[in-house]
Each structure stands twice: as structure tokens, then as C-alpha cells.
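Tertiary structure, described
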Amino acid sequence: MARLLPQDTRGILRARTGLERFQVERIAPPEALAPFVEFFWVLHWDLRGRAPHRQKVLTRPNVHMTFTNYWTGKETRGRIVGVVRDEFVEEIAGDGRVVGVGFRPGGFRPFAGGPVSALTGRMVGVDEVFGAAGRALAAEIFATDGADDAVARLAEFLTGLRPEDDPSIGRAARIVERIAALPALVRVDELAADVGLSARGLQRLFHEYVGIGPKWVIRRYRMLEAAGRAEAGTPVDWAGLAAELGYTDQAHFTRDFTAAVGTPPARYAREAGADGAAGKIDV
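Now for a quick tour of the structure. (Residues numbered from 1 in each chain as written. Predicted model: local features only at pLDDT ≥ 70, side-chain atom pairs only at ≥ 80, totals over all residues. Heavy atoms only, no water.)

Concerning empty space enclosed by the protein
Here the idea is plain: a probe the size of a water molecule rolls over the atoms and shows the empty space left. Following the criterion strictly, the structure yields one cavity of 30 Å³ or more and no others. The computed volume of the largest cavity comes to approximately 30 Å³. Lining of the largest cavity is provided by Pro61, Val63, Phe103, Arg104, Pro105, Gly106, Gly107, Phe108, Val116, Tyr209 and Val210. Residue composition of the lining of the largest cavity, by class: eight nonpolar, two polar and one charged. (1 Å grid on protein atoms, 1.4 Å probe; cavity = no way out; pocket = protein on both sides within 12 Å on 5 of 7 lines; lining within 4 Å. Points joined across faces, edges and corners; volume = space filled by probe spheres on them. Nonpolar A, V, L, I, M, F, W, Y, C, P; charged D, E, K, R; others polar.)

So, the pairing of strand β7 (residues 95–103)
Along β7, eight of the nine residues are buried, which leaves the element largely enclosed by surrounding structure. Both strand β4 (residues 64–69) and β7 contribute to a ladder of six bridges, which runs antiparallel. Looking at β7, one finds that His64 is bridged to Gly102. (Buried < 20%, exposed > 50% of the residue type's maximum accessible area, 1.4 Å probe, protein only. Helix = DSSP H or I, 4+ residues; strand = E, 2+ residues; numbered from the N terminus. Pairing = 2+ DSSP bridges.)

Notes on the pattern of salt bridges
By the definition in use, this model includes 20 salt bridges. The partner of Asp127 in a salt bridge is Arg135, and the shortest N-O contact between them spans 3.4 Å. We classify Arg135 as partly exposed; its relative accessible area is 49%. Put simply, Glu225 and Arg229 hold a salt bridge, and the shortest N to O gap is 2.9 Å. On the criterion of helical spacing, the pair formed by Glu225 and Arg229 is a turn pair, its members being four residues apart in helix α8 (residues 214–230). Judged by its relative accessible area of 26%, Glu225 is partly exposed. The network of salt bridges with shared partners includes Asp8, Arg10 and Arg60. (Salt bridge = Lys/Arg side-chain N within 4 Å of Asp/Glu carboxyl O.)

As for the packing of aromatic side chains
Scanning all chains against the criterion turns up nine aromatic pairs. Ring geometry for Phe103 against Phe108: centres 4.8 Å apart, planes inclined by 70°, an arrangement best described as edge-to-face. Of the two residues, Phe103 and Phe108, neither departs from the other in class, the shared state being buried. An aromatic cluster of at least three residues, connected via ring pairs, comprises Trp238, Tyr247, Phe253, Phe257 and Tyr268. Here the basic side chain of Arg26 rests over the ring of Phe39, its NZ or CZ set 5.1 Å away from the ring centre. In this arrangement the basic side chain of Arg222 is found over the ring face of Tyr247, its NZ or CZ atom lying 3.9 Å from the centre. (Phe/Tyr/Trp six-rings, centres within 6.5 Å; stacked < 30°, edge-to-face > 60°. Lys NZ or Arg CZ within 6 Å of the ring centre and 35° of its normal.)

What to know about unusual backbone geometry
Despite not being glycine, Arg14 shows a phi value in the positive range, around 55°. Structurally, the position occupied by Arg14 is in the segment before α1 (15–18). One non-glycine residue, Arg162, adopts positive backbone phi at about 50°. Here Arg162 shows up in the loop between α4 (147–160) and α5 (167–181). You can call Arg162 exposed: its relative accessible area is 70%.

Laid out in C-alpha cells, this is it:
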């Protein structure tokens, strides 16, 4: 039986609104895929008779492979989504389902057959990486009525490819986990020294395995932390949070947040349904 993982809404902007319109579940990978896969996921919605919904996401440094049946129920789309540097927005309408797999940072390298950075900022058909087998997989996944069966088929497909574990996969994933755990981390050279690599060696590792540089990952996890605080429903001391995240001044934090999220932090907190009005920031 598939093991559900705890809900994780980090990066789903205005998650309260979004989760009124769609449901998402995360499923743990089987043991054989755990070195490569962080989670499988299923998104489903029924907006028949309601307006379409556009959902913005602050992405993380994961490659995803997704299989989407359009809301018409007549079309199937299978794609691989590299790390998204900038804004990521999807629109859903009618009713439909997405079955996906989120690879660990570094975990797509054995499947990619080359540097993961070749996929960064791109969405490609599954056939571009997996050929006719990828197209057949898409058809099989949406020939199944149940999401559990679809996830099982996707896991079976990936396991059957017999990906080779590589110590650099685990190393890349652990470094990303360290960045996520240290939101005040600012400098790439400090991170490199902390993990026992030169700055250039760290850059090469991320280019080959993660798909994007460590500087982007550091910035993104700072913004994920800030957005999570804004949506938490408790007052936020914005000046204190800026300092906690390693910013030398509040204005710089505000600019970065607004660029990433599209709204200044105090306004975002109000719009997201949280009481985050404490602090003196332009709203």
C-alpha cells in the first residue's frame, strides 16, 4: 500500500485559496527509488461550473515528470519539467488530474544521460528523454481509473530503468537540504567551505546534478522561508525576519520578496489570509 507523506504547501503561493480549488497528495517512493525520487504526487480538481484557477508556485530545485489529462478528459500530456528559475504558473479548469514524480535534487541525473542543467528552464516531452517508452507510459497511466494504479505504474517504469546510484547524487541532495535548513546562509563560498568543496567544485556539482547554481538555491530557500512565515497566520516582524535571513537591510529583503512573489511581503500576508501586518514595510 502506498504511504502518504505529510502535506507540504511550501511554495504554493496563497495556498489557502489554492487548496479550496484543488487537492494534492504526496506519496513516498519505494525503497529502490528512494536515492533518486523525493516523492510521487497526485493533483486533482473539479471546477466544473466554476471559474478557472491560476496557481503560482515558488519552485524548488527539483526536476519533475508529470502526466496530465486535460480537463476535457480527451487529451494526455506527459512532460519533464527542469528546474524553473523564474515564475511558474499553471491554470486548471473543468476537472482533471496530474500524476507526477518529484526527483531529489541530483536524482534525475541517471535518467537524463547528461548534465541536469540541460533541462533547466525547459519543459520537454517525456519522449525527448525516454523515447517511445515514455509515450507509451503516458497512455498507460491515463488508461488507469485510479491514481494509486497510475503512481504504481510510474514507479514500476522508473524502477525498470535500473538507474545507477552515484555518491554525487546523495552529496548534492544533502547540500540542498543543508541550504534549506540554514535560511540565513548567504554566500556560496561559505557554503562550499562548510561542505568541504571549493566554490568552483560546488558550482560544477550543481551544474551537473542539480541543474542550477547554488546561489539561486540559496536565494530561493530564503524566499520560501519568508513566504511560509507570511502565510503562517501570526504577526511577522519583517525587519527581524530580514535580519534572520541574512539581509543587511529591510529594503533589500522587500525587493527580493516582491520580485519572487509579485507582491510586497506585508501585502502578501494580508492577501494570503494571514495577520502579518507588523513591521514597517511599503505595502
